[in-house]
Amino acid sequence: SAPRGTNDREEISLVKVAVDISLYPLDADFIPPIKNVIDRLNMHEELEVWTNAMSTQLIGEFDDVMNALKEELGTTFELLPKAVFVIKMFNNPGK
């Protein structure tokens, strides 16, 4: 068997995760930035994206989810002077 740590990165990248994410733009006109980030997240075809009145859920492989979050949170922080994201993540959804 391989030494511990040898294949850990490969194993993590294949783990399926679910993320619950909410954006709180610190601006009176808060709807457009929320809609914008949801629209951008929906462009990531490798993810399942579900939206309700309180949050958006992302489901996919760990690396795919993390890459989408890095890209879209970064874009949001560049566009908005002040914003708060609340993110919850768990592994092996649906098991």
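Here the residue index of a chain counts from 1 through its sequence in written order. This being a predicted model, a pLDDT of at least 70 is required before a residue's local features are given, and a value of 80 or more before pairs of side-chain atoms are given or counted; all residues contribute to the totals for chains, interfaces and linings. Excluding hydrogens and water, the side-chain values take into account all heavy atoms of the structure.

A. The overall build of the chain, seen in detail. Looking only at helices and strands, the chain features 3 helices and 4 strands. Secondary structure elements are taken from DSSP: a helix is a run of H or I of four residues or more, a strand is a run of E of two residues or more, and numbering for both begins at the N terminus. Across the chain, helices and strands are ordered from the amino to the carboxyl terminus as α-β-α-β-β-α-β. By definition, residues are in contact when any of their heavy atoms lie within 4.5 Å. At a minimum sequence separation of 6, the contacts of the chain that also span at least 24 residues come to 72%. Accessible areas in this description were obtained via Shrake-Rupley with a 1.4 Å probe; residue shielding takes into account the shown protein chains only. Here the chain displays about 6600 Å² of accessible surface, and carbon together with sulfur accounts for 57% of that area.

B. Representation of the environment of Met-89. Turning to its location among the elements, Met-89 is positioned in strand 4 (residues 83-91). Taking the C-alpha atoms as reference points, Met-89 and Val-19, 70 residues apart in sequence, are found 4.4 Å from one another. Those residues in contact with Met-89, other than ones at most four positions away along the chain, are Val-17, Ala-18, Val-19, Phe-62, Met-66 and Leu-69.

C. Here's a closer look at the sheet that holds strand 3 (residues 56-61). Here a strand pair is declared whenever DSSP counts at least two bridges between the two strands. Pairing within the open sheet is antiparallel, and its 4 strands lie in the order 2-3-1-4. Looking at which strands have only one partner, the edges of the open sheet turn out to be strand 2 (48-51) and strand 4. Each adjacent strand pair in this sheet contributes to an overall mean axis angle of 20 degrees, direction not counted. Interaxial angle, 0 to 180 degrees, is taken between N-to-C directions of lines fitted to C-alpha atoms, where a helix line uses only the stretch in contact. Running at roughly 155 degrees to strand 1 (residues 16-25), helix 2 (residues 31-42) makes contact with strand 1, strand 2, strand 3 and strand 4 of the sheet.

D. Spotlight on helix 3 (residues 62-79). An expected span of 1.5 Å times one less than the residue number is assigned to each helix. The end-to-end C-alpha distance of helix 3 is 26 Å, a good match for the 26 Å that 18 residues give at a rise of 1.5 Å each. Residue exposure (1.4 Å probe, protein chains only): buried if accessible area is under 20% of the type maximum, exposed if over 50%, otherwise partly exposed. Buried within helix 3 we find Val-65, Ala-68, Leu-69, Glu-72, Leu-73 and Thr-76. All buried residues of helix 3 fall inside an arc of 115 degrees around its axis, so they share one side. Set apart from the buried face of helix 3 by more than 90 degrees, the exposed residues are Asn-67, Lys-70 and Glu-78. Contacts made by the buried residues of helix 3 are with strand 1, helix 2, strand 3 and strand 4. Arc definition: directions from the helix axis to the C-beta atoms.

E. Focus on the pairing of strand 3. Among the 6 residues in strand 3, 5 count as buried, and that is most of the element. Of the pairings in the sheet, the one linking strand 2 to strand 3 comprises 4 bridges and is antiparallel in character. Within strand 3, the position partnered with Thr-51 by the bridge is Thr-56. Turn length for the strand 2-strand 3 hairpin, with the two strands adjacent in sequence and antiparallel, is 4 residues.

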